[in-house]
Every structure is written in C-alpha cells, then in structure tokens.
Amino acid sequence: MEKFTHMTSTAIALEQSNIDTDIIMPSDYLKTIKRTGLGKHAFESLRYTKDGTLRNDSPFDFGAGKTSKILVVGDNFGCGSSREHAPWGIADLGIRCLIGTSFADIFASNCVKNGILTITLPEEDVAALMRDAKAGKKITVDLEAQTVSVDGSDDRGFEYNPQHKYMMVNGLDEIGQTLLVEDKITAFEEQQRLQSPWLYRELPQ
Amino acid sequence: MAKTLYDKLWDMHLVEDRGDDVGLIYIDRHLVHEVTSPQGFEGLKMAGRKLRRRDAIMAVPDHNIPTKDTDKPNPDPMSAMQLAELEKNAKEHDLEYFPMGDSRQGIVHVIGPEQGFTLPGVTIVCGDSHSATHGAFGAWGFGIGSSEVEHVMATQTLVLKKAKNMRVTVEGEMPVGCSAKDIVLAIIGKIGMGGGTGHVIEFDGPAIKALSMEGRMTVCNMAIEGGARAGLIAPDETTFEYVKGRYLAPKGAEWDMAVAQWRTLHSDEDAVFDKEVVLDASEIVPQITWGTSPEDVVPITGQVPSPDSFKDPNKRESAVKALDYMALHAGQDMLGLKIDRVFVGSCTNSRIEDLREAASVIKGRKVADTVIEAIIVPGSGLVKEQAEAEGLDKIFIEAGFDWREPGCSMCLGMNPDIAGPGERVASTSNRNFVGRQGPGSRTHLVSPAMAAAAGIAGAFVDVRNF
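Residues numbered from 1 in each chain as written. Chains lettered and ligands numbered in written order. Predicted model: local features only at pLDDT ≥ 70, side-chain atom pairs only at ≥ 80, totals over all residues. Heavy atoms only, no water.

1. Quick word on the overall build of chain B
- Scanning chain B from terminus to terminus reveals 15 helices and 19 strands.
- The C-alpha atoms of chain B give a radius of gyration of 21 Å, which matches the 23 Å a tight globule of 466 residues would have.
- Taking the principal axes of its C-alpha atoms as reference, chain B extends roughly 55 × 55 × 45 Å.
- Sequence-distant contacts, at least 24 apart, represent 75% of the contacts inside chain B between residues at least 6 apart.
- When the accessible surface of chain B is summed, it comes to about 15,400 Å², and 51% of that surface belongs to carbon and sulfur atoms.
- Of the charged side chains in chain B, 48 are positive and 66 negative, and the gap between their average positions amounts to 2 Å. (Helix = DSSP H or I, 4+ residues; strand = E, 2+ residues; numbered from the N terminus. Rg over C-alpha atoms; globule rule 2.2 N^0.38 Å. Contact = heavy atoms within 4.5 Å. Areas by Shrake-Rupley, 256 points an atom, 1.4 Å probe, with all protein chains shown as cover. Lys, Arg positive; Asp, Glu negative; His and termini not counted. Charge placed at Lys NZ, Arg CZ, Asp CG, Glu CD.)

2. Topic: the packing of aromatic side chains
Residues and elements named next belong to chain B.
- In this structure the tally under the stated criterion is 14 aromatic pairs over all chains.
- Each ring, one from Trp140 and one from Phe142, has its centre 5.3 Å from the other, and the planes form 40°; the classification is tilted. Take Trp140 and Phe142: they sit in the same class, and that class is buried.
- Taking 5.6 Å as the distance between ring centres and 90° as the angle between the ring planes, the aromatic pair formed by Trp255 and Trp262 counts as edge-to-face. Comparing Trp255 with Trp262 shows no difference in burial state: the two are buried. (Phe/Tyr/Trp six-rings, centres within 6.5 Å; stacked < 30°, edge-to-face > 60°. Buried < 20%, exposed > 50% of the residue type's maximum accessible area, 1.4 Å probe, protein only.)

3. Quick word on the pattern of salt bridges
- Inspection of the entire model under this criterion finds 44 salt bridges over all chains.
- Between Arg35(A) and Glu150(B) there is a salt bridge; the shortest N-O distance is 3.1 Å. Separated into two different chains, Arg35(A) in the loop between helix H1 (21-24) and helix H2 (44-47) and Glu150(B) in helix H5 (residues 146-155) make up a pair that spans both.
- The shortest N-O distance in the salt bridge between Glu182(A) and Arg52(B) comes to 3.0 Å. In this pair, Glu182(A) is assigned in helix H8 (residues 182-195) and Arg52(B) in the loop between helix H2 (38-46) and strand E4 (57-59), connecting two distinct chains.
- The class for Glu182(A) is partly exposed, based on a relative accessible area of 36%.
- Salt bridges here are not isolated pairs; linked through shared partners, they connect Arg341(B), Glu373(B), Asp402(B), Arg404(B), Asp417(B) and Glu423(B). (Salt bridge = Lys/Arg side-chain N within 4 Å of Asp/Glu carboxyl O.)

4. Thoughts on helix H14 (residues 392-399) of chain B
Residue and element names in this part refer to chain B.
- Among all positions in H14, only Leu392, Asp393, Ile395, Phe396 and Ala399 are buried. Here the buried residues of H14 occupy an arc of 160° about the axis, which is enough to place them on one side. Exposed residues pointing more than 90 degrees away from the buried face of H14 are listed as Lys394 and Glu398.
- Among the structural elements, helix H12 (352-362), strand E16 (373-376), helix H13 (381-389) and strand E17 (402-403) are those in contact with the buried residues of H14.
- Note on H14: the residue one or two positions beyond its end, Gly400, has a positive phi of about 100°. (Arc of directions from axis to C-beta.)

5. Focus: the side chain of Ser58(A)
Residue and element names in this part refer to chain A.
- Looking at the secondary structure, you find Ser58 in the loop between H2 and strand E3 (70-73).
- Residue Ser58 is classed as buried on the basis of its relative accessible area of 5%.
- A polar contact of 2.5 Å, which involves the side chain of Ser58, links it to the side chain of Asp61. (Polar contact = N/O pair within 3.5 Å; in protein donor to acceptor, adjacent residues only side chain to side chain.)

So, in structure tokens, the structure goes:
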C-alpha cells in the first residue's frame, strides 16, 4: 500500500448527505474480479447523462476537479452496501482523502485498507472547507501531525485511529502485520476448541 | 463490571487487546458469495498465503444469479464469469459449496441460519452489509469489504475498533396486520439512517421477544439501514428451538454444553448503554417508504412530507430530489398510490414466515391487471420446498404471481430481475436508493403482507382493512 503522510491539493465539494455506495459505484460494475479500473464508473450518475455523455456539471471531470486528490463530502457518506468497489473506484480517480462530518462504518474501514484517509470534522469546519473547495483553494492534509489547513491558515486538528495511522503512514499490509502474532491466534483456537468444540469440524476432503 | 451482550461477544473473541478500544478479533464463521470474494481469493494467491480454516467457510452464489430459466446459461457474461470464479475458488480450496440447483443454495443470510452455520455467540462475517441479520441469534454478525474478506481467509481474525453500545427497546404488543418489517422501518424512521453509526444496536423489549426467529432476522437485517454495522437480540428458548437439530448445530452432550453457554449471552441487568431509544409497538401502523433512503418512511395512513418540514438544509434538498425522482408531491396520500411491480423476497423477507404472511393476503385473489409483474422469490431451495409442501406456491401461481428460484433477485439490480425506468415497485427488500432495483426504478419498502396487498389492489392499501 502507498504511504500516506501529507499532501496538498485542490478539493471537490460534494454537498449531498447520505451518498450511498450504490451512488459511488453502481451495482453494474461489481461484476469484476479485479480491484483496478473502476475510476471511470465512480459517481457515474453525477458525471454522465443517461446516454453516457459527460455532464457539463460533473465535479470530477473539468478544471481542478480532474486533478483534485481530496473530496469534501456531506453527512453519512458511504452508507449502504459493503462493496469495496466504492473505495477502489475513488482511489482509481486519484482521490486519497475524504473530509466530512460522518462516514458509514464499513465504508470507512474499507478506505483504510486502500490507503484513503477519511477525516471527520465538526459541521462548521466541513462547511468552511466546502466553501474553500468551491473557491479552488488548496487544502493541506498532514496525517502525521493530524491537521488540515487551507492556504497557510491555522491548522484544524482531527482525531484518527492510532492503529490506522500507523498502517497508513508506513504503508503496511495489514494481513502481514496480523500474521506476526499468529501464535496468539493459534493459542486462541486451542482454548476455544475446549470451550466450544462445536465450532470446529472435520470437513471431508 | 456489568456488561452488555456486545461487550461479552467482544471479550469472548478478543485474541489481542491493542489498546484504544482496538482489538484483534477472532472470526468463527465466514459466508462467501460471488461478488465480494474474487479479489480476496486473488489477493491470497498473489501473496502466497494459505486459507487458514476452510471448515469455517460456507460458499454460495446468490447476488448475480437469475431466478427463472435457471437451466439456461446466465444471460450476462460478466455474471457468468464471476459465478465461475466462485466455483473455481470453492473447488481449489475444497470449500463447502452449494451450487445453483442444490436445495441448500440460497441467499447467504438465509442459508447460514438454515444450516445451523449461524449459532448464538459466534462472530460471523460476509462481504455483504446485511450480515447484521445473524445478530438475531445473539451472534455478532457484520458486513466486511473484500480486503477484510482476504484478511479473514488468511488469519481468521479482523482488527476492529470496539463500537459503542446502543439499545432499542420495543415495548408493548404489535398490532394485527403489522410485522417485524414495520417495527424495523419505524425504528429507522425514528433514529435516522446515521442514527446507529459507530454503534452496535441491541434490540430488546416484549415486542422483540415475541417475534419468531424469522421476524428477528428481519429486524437485525436492517440494523445497517440505521447505520449500525451489527444488530443483536439475546438468544432465548425461541432461538434454541430454531437451532436444534440443524445441520451444523451441536449434537448430544455438546448441545447441552452449548445451551448452557448461550444462556449467559444477554446484557447484564445494570449494563449501561451509550444510547437508548424506546418505541411502543402498539402504536405502529404498517410502514411505507416515500423517498430514496430507508429513513424516509411514513405510516401507510400518512402523507408524503413537505421538504420544508426538514430543518437541515441538506435534508431539505435531499427531500426535493427524492420527491422528483419518486414522482411524488408533498402532502400526497400514500394510500392509493398506483404500483407497477411487486417483489416479495430478499435477505430481509424471503423466509417461510414471510411467504406465509404474503399467502394469507393473496389466497383466493388475483393480481391487478395493471401490475406488469409480481414476483415471489424464496430465500433458499429449502424455503422453496417448505412453501411447496404447504401449498403456498399454488396460492401464488393461481393469483398470478410468478414463483421463482432462490436468489437475491430484485433487491439490488445485479441480475435479470430489475424494474424499468419510472416503474414503481412495492418491495419487501431493504434499500430504496436511487436506481437500486434498476436505473430509474422507484422503490417503496414495505412488509410482505403490504406488498402482496398492493399487488392485488394495483395500488398501496392498508393491509389491516384489506
């Protein structure tokens, strides 16, 4: 996974609340067996008309929107289906950071696995960043310092899970990290097998 | 210290405490389907890692499969490829796999409980957000993404942040004509779509305890529509009776040992919840959604709300968009709203009791001429067999309903069962998102009885006086 320490970029503002993962990645595109190439379908209904041509109000496809690495979003972003195709599509668009008032739990956890930082800030801060995004200002996100700033303004601090921060900043593979404590998993299984033997079975080969 | 049921499940599965409320949690059960697993299997292979416990997996196709003409090749080559990939992975790893045509095949969240794979006290995951369903057994079930699917395959664990505790108590007795679906829609209407975010919801109270296992699964299934990754109901005699004798249920002396353990799975009397909500079931009227989010819900006797009634400007704007998409106007009665299609099915409402509920309304009546298609999709092959043994299929077919093969069907627009642009669907599924049942489709979430009645009348009616 690519490391995430800090970055500066213009941002795209998506004000609508309750943007669900069906909007982020419509079910038509879940029939892939790969993780890559989903960017062209991400946020399809906000970017294309029904006949497949680009909408002239697409926030992603014109001017600064084409290179923005940050999305400032409405409340309860990423609700609904657990599809990781949603963050895969976002990452494929080149977006590495989402800032909003709240993110759905499964979506936020899927983002961590894909090196996308989700920053939760109070409503007034998000509203201010929404205005900055629309004004084309550059936003600086520093994960190591856990701050967000705009054009050298005062830093706003944000909370972030320390374990996730460690993974993101070092670009670590979570499975590899977990397997470092494999002996503890084995010990747990031995104990559980005594207490709840019905949870283990011999499946014929 | 007094613990909630969720606290107990967390402690029972904690492999390593990492501080800051983060833990390495052991996963007992993993349901695998075609859409969210290919990347997990591929990742495992590419990293040269082994599957840790194949006995902890049950694999089944459900999302992409057609529910009619199932003897013909899948009409969508992309779906066919994904389904072939699941079968290949199941063979390669020697998994317990129920292919199409096997009576044990069905929707992941229907077959897990049916096979006794879902048991009280287990952690059970699936790459599907409706894994909350399994909480009905006092199991900690939750949806995961494909990277987590791979993590579970490789390590049988997940790194999780402990959620907060929320309790929704449903007092009183549910009125005749209402069902578990109405209870859960009323709850979501009350707490909102993000009301349970960051929490695990325990459902409690006399109206919940009075529900059958099927009803409890309907309630927990939609916990995620209230933002909660998991819903829970403490196991009791109803649970044990449902589980006993099923394929993977403990047997003999192990059964007694298991029940003794399961009886401890409840929140302690003085346990403290971070958030508490109380509802009175006796006030519940059959529910129906009007908008494009499950929180957009009113009683069937109600009207479409005015966007101006929302204080939050974002919600107001969302309501304007929703009314435009749904072709409804503020103040419009829900009663009498004409429909084009009926869908009875999905992991929310495709179990035997749901089909009985629909049949009791349909018996001896006919689907309205104006309805394009009315389909009833059992949740599994075993549900289908049971329904046919009870003669329910005849009731449906005689009334003009289409009786289908098991699968996710019209819940999510990933298989041939979709509604056309602008078509209005009376649906027993769980999400009324924009385009969820097909591009431009208009979904109204209701109970099986309400969907069945709408099919007969050709419009939404109050099933209590139908």
